[in-house]
Amino acid sequence: MGSHPVSRNPSDFPSSWRTPTEASDYRSTPDYAETVRFVERIAETCPEKVRIESFGRSGEGRDLKIVVVSQDGVFDPDALHASGRVVLLVQNAIHAGETDGKDASLALLRDLVVADRSPELLERVALVVIPVYNVDGHERRSAYNRINQNGPEVAGWRANGTNLNLNRDYMKAVAPETRAFLRLFHRWLPDFFVDNHVTDGCDFQYDVTFMLDATPDVDPPLATWIRSVVAPGIQRYVEAGSHLAFPRQIFLRDETDPSQGLRAVDNAPRFSTGQMILENRPGLLVEMHMLKDYRTRVTGNQLVLEAVLQRLNEDGERLIRLNREADARAARLGTDRGSRFPLVVTGGGEMTQVEFRGIEYSRFRSEISGAMAVRFGTTPWNVSLPMESGATVEVTVALPMGYIIPPPWTDVIDVLEAHGVHVRRTTAPWTGTVERYRCSGMHWPDRPFEGRFPILRRSAVEREFGRFGDCVPVTEAVTYPSGSAVVTLDQRLSKVVVHWLEPEAPDSALRWGFFAPIFEQKESGEAYVLERLARDELTRDPKLRTVFDQRVASDRQFADSPSARLDFFYERSPWGTANQVGIYPVGRLMSLEGLSLTPGAGT
Ligand SMILES: [Zn+2]
């Protein structure tokens, strides 16, 4: 990205066209009504280039809006794609206290459309901006919502109207906002996605940090383009505008000791940019540094958006082709026997030394926390630090041709449909050979996370919840009733299907508890009935005596529990196995032979 940044001093503009934030000298951010009034003014001034549309309603009933900017007044997504235009979707304020992107977008829209500066940035790109995504959180305004953050004076709340973090909801798609986003996304099918945030975490010199995934689960040619072209280009452009950028999220390995270096970051499908991996699209996470003043952050965020626009104009043709090929590759996953799909990918695996611009600090033992603590000063600390880099594929899976889900699992099927996955139904009962997992050893957490009790892996920003046991596939003949849902991997959203239905995937339906009932034993024997059963079983199978005695001798907890000792016999009897505990009901299909299905090919 060679040319110079196009953002400019806001005082260049007549004061009537200052954004509300500029007009406040960056002390405040407008509420939703004022935000919408500003973009409506732009649309009224330049109706030939700007259109505002609604894409749904929040939980509290507010209108979710997009601003579409198109140089020649073509506002139809299909027509834009047909004309070879790149569609860029920018999302702001999913965490509604983090409004830098919103105020940067208002300034950018004004600069591009009203001031008509840098028309070349719209030549090959249609821009779609969500000014405020989490509108209900945005209107829960307070001076006490963002304790770490240096302005604006009053800010919105992190979560939505039911206190769900929308940036953990992409895969499970429970919130109305998420469902509206998925409809919007599939109507527009953007070529590139930006999600604007503000950091938490430690102090450093950079005001712009950003993350573009290029891990082994990203379509490889897209990953190469992201790594070699986009990320360095954004960094160069931002720094040419006198801001300082670091091309990844910054988390310390030890929060009380910056000298230990930087920690790896994961990106599961519960996050917006993790969802983009499943959509076969590049997703840029922007994290402006919370301790910088609001003016620095808003203008820095605008530079990032301009950098993306510039890159997409220069490289649009290539990106469109890469996306098309990534979609086609995804639609072949079900025919790709032999290779294994990277199901669980974690950051890290390598250590790299990195030149880091930190802030000088001191460490001390705190009499308040009783632990070591850190106090940041003000002088630069330029240092070479170890950084966890690379990515590790921890779990792979051989993919089937598709999956079959019994019809009563309506919530599970509903999430796939909300994601725009093509779901067909059987029109007659079907008996055939499938693989079904036998799952055991799950430890469910004792506290909620995002309104559920999921089994989740640790990520950089979350603790571990519960513990995943084992799921072992068994090949067997199973009968599925008429109306069962069949999802095949011959569609562009095949990775969504795999991540939702393979139990060990980081945000699978099983991990989020959608299949929790399969782990419940619904029938049990009374003690005096099991006494009789146990004696009958011991007579019938003398070897069982040895197994039982060994267990009593080796497992104190078992030996001390009368019910566990009786259940030992119940579980092994036909009455026990009738409970089908841990049998994952979804079948992995190796062919569609003999299935009568509702019509329609994959999309
Ligand atoms: Zn955030």
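These numbers come from a predicted model, not from an experiment.

## What to know about the packing of helix α10 (residues 410-418) against helix α11 (residues 494-501)
- One way to put it is that α10 packs onto α11 with a least axis distance of 10 Å and a crossing angle of 155 degrees. The pairing of α10 with α11 is recorded here as roughly antiparallel in orientation. Between α10 and α11 lies a crossing of right-handed hand. Contact residues: α10 offers Val412, Val415 and Leu416, while α11 offers Val497, Trp500 and Leu501.
- Across the contact of α10 with α11, the residue classes tally to six nonpolar, no polar and no charged.

## With respect to the coordination of the zinc ion
- For the zinc ion, the full set of protein donor atoms is His95 (ND1), Glu98 (OE) and His197 (ND1), and the range of their distances to it is 2.1 Å.
- Judged by its relative accessible area of 2%, glutamate 98 falls in the buried class.

## Details of helix α4 (residues 100-114)
- With 15 residues, α4 should cover 21 Å at 1.5 Å per step; its first-to-last C-alpha distance of 21 Å lies within 8% of that length.
- A large share of α4 lies buried, amounting to 14 of its 15 residues.
- Looking one or two places after α4, you find aspartate 116, whose phi comes out positive at around 55 degrees.

## Observations regarding the pairing of strand β8 (residues 283-288)
- With six of six residues buried, β8 lies mostly within the body of the structure.
- Across the two faces of β8 the burial is the same, with Gly283, Leu285 and Glu287 and Leu284, Val286 and Met288 all buried.
- Two strands pair when backbone bridges link them, and strand β5 (residues 192-198) and β8 are joined in this way by six bridges, in the parallel orientation. Residue pairing across strands places valine 198 opposite methionine 288, the latter belonging to β8.
- In the sheet, strand β6 (residues 208-212) pairs with β8 via five bridges, with the strands oriented antiparallel. Pairing of phenylalanine 210 across the sheet is with valine 286, part of β8.

## Here we look at the nonpolar core
- Leu88, Leu127, Phe192, Trp225, Ile234 and Leu284 are the most contacted members of the largest nonpolar core, which totals 55 residues.
- Broken down by element, this core gets its largest block of residues, eleven residues, from helix α9 (residues 294-330).
- For leucine 127, the contacting residues outside a window of four places in its chain are Val67, Val68, Val69, Leu88, Val90, Leu108, Leu109, Leu112 and Leu122.

## Focus on the sheet that holds strand β11 (residues 402-405)
- Taken in spatial order, the six strands of this open sheet run β12-β15-β11-β16-β13-β14, and their pairing is antiparallel. Edge strands, defined here as strands with exactly one partner in the open sheet, are β12 (424-425) and β14 (470-480).
- Pairing geometry for strand β13 (residues 430-440) and β14, over eleven bridges, is antiparallel. Of the residues in β14, the one forming a bridge with threonine 431 is threonine 479.

## Thoughts on the pattern of salt bridges
- Enumeration according to the criterion identifies 39 salt bridges in this entry.
- Aspartate 63 is paired through a salt bridge with lysine 65; the nearest N and O atoms lie 3.4 Å apart.
- Shared partners join several salt bridges into a network, and the residues in it are Glu98, Arg146, Arg158 and Asp200.

## With respect to the sheet that holds strand β4 (residues 125-130)
- The strand order β1-β2-β4-β3-β5-β8-β6-β7 describes an open sheet built from eight strands, whose pairing is mixed. Two strands close off the open sheet at either side, each with one partner strand: β1 (50-57) and β7 (245-246).
- Pairing of strand β3 (residues 86-92) with β4, which is carried by six bridges, proceeds in the parallel orientation. Its bridge partner being in β4, leucine 88 is matched across the sheet by leucine 127.
- Seen against the sheet, helix α7 (residues 220-240) touches β5, β6, β7 and β8 and runs at an angle of roughly 170 degrees to β6.

The rules behind the values
Residues numbered from 1 in each chain as written. Predicted model: local features only at pLDDT ≥ 70, side-chain atom pairs only at ≥ 80, totals over all residues. Heavy atoms only, no water. Axes fitted to C-alpha atoms, helices over the stretch in contact; angles between N-to-C directions. Helix = DSSP H or I, 4+ residues; strand = E, 2+ residues; numbered from the N terminus. Parallel < 35°, antiparallel > 145°, perpendicular 65-115°, else oblique. Left-handed = near helix turned anticlockwise from the far one by under 90°. Contact = heavy atoms within 4.5 Å. Nonpolar A, V, L, I, M, F, W, Y, C, P; charged D, E, K, R; others polar. Donors = N, O, S within 2.8 Å, 3.2 Å for Na, K, Ca; no water. Buried < 20%, exposed > 50% of the residue type's maximum accessible area, 1.4 Å probe, protein only. Expected span 1.5 Å × (residues − 1). Pairing = 2+ DSSP bridges. Core = buried A, V, L, I, M, F, W, Y, C linked by side-chain atoms within 4.5 Å. Salt bridge = Lys/Arg side-chain N within 4 Å of Asp/Glu carboxyl O.

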